[in-house]
Amino acid sequence: MKKSALILLLGSVALLAACGGKGAPAGDQAASGQPQTPAAQAAVAPAADDEGVLLAKEILGVFDEAVAEAAGLTKDKPEAADLKPKLDALYEKYAAKMAGINPRFLALRDKDIRLFGSANGYLGENRGKRVFEKDNTLKDAYLYYNLEKGEKEIVDFLSLKLPALIDIAAKI
């Protein structure tokens, strides 16, 4: 029993020494009553999204809505002749939404190039992921309209025209 207590005590001392014996980490200083420097607070607090990132998230959110609506339209595998006008109407609806976002995207460039850069950076980092998710969401529609029906126009709409909606909002 004494041997295990000694090992536990030595382990605690070694851990304290490895930490530098400074006590609570920066994030715990407020709890310990010690004041935090602004740098320490910034290191602990998660960074809030800036206006550019928020706008980019909005663009991708509208794209996700369009994908979800397209998935709903293709779910029951309607005939291409019935589906095509519905997809065209969906595109027009979301193209108008994206066109409405574009002036705000361009205004960001004039307002603050750093914010414009963060919007472009966020879109660059996340667009591919969202398009990949779109492809996964519409996988059954691709298989049905491409392999079973040979409806290239429907497949092209789903694979090419939907992602082009992002370009409408981010057009320079």
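Before reading on, note that the structure itself is shown above.
Criteria and thresholds
- Residues numbered from 1 in each chain as written.
- Predicted model: local features only at pLDDT ≥ 70, side-chain atom pairs only at ≥ 80, totals over all residues.
- Heavy atoms only, no water.
- Phe/Tyr/Trp six-rings, centres within 6.5 Å; stacked < 30°, edge-to-face > 60°.
- Helix = DSSP H or I, 4+ residues; strand = E, 2+ residues; numbered from the N terminus.
- Buried < 20%, exposed > 50% of the residue type's maximum accessible area, 1.4 Å probe, protein only.
- Lys NZ or Arg CZ within 6 Å of the ring centre and 35° of its normal.

Draft legend 1. How the structure looks around the packing of aromatic side chains. Applying the stated criterion across every chain yields a total of three aromatic pairs. Look at Tyr-91 and Phe-157: their rings are 6.3 Å apart centre to centre, the planes differ by 75 degrees, and that puts the pair in the edge-to-face class. Placement of the pair is Tyr-91 in helix α5 (residues 80–111) and Phe-157 in helix α8 (residues 152–169), with a sequence separation of 66 residues. On the basis of relative accessible area, Tyr-91 is assigned to the buried category, the value being 14%. Between Phe-105 and Phe-116 the ring centres are 5.0 Å apart and the planes differ by 55 degrees, which places this aromatic pair in the tilted class. Here Phe-116 lies in helix α6 (residues 113–137) and Phe-105 lies in helix α5, a separation of 11 residues in the sequence. Here Phe-105 matches Phe-116 in class, with each residue buried. Looking at Arg-109, its charged tip hangs above the ring of Phe-116, at a distance of 6.0 Å from the centre. Between the NZ or CZ atom of Lys-161 and the centre of the ring of Tyr-91, over which it lies, the distance is 4.4 Å.

Draft legend 2. Representation of the environment of Asn-126 in the model. Relative to the assigned elements, Asn-126 resides in helix α6. Remark: the alpha-carbon pair of Asn-126 and Lys-57, spanning 69 residues in sequence, is separated by 9.1 Å.

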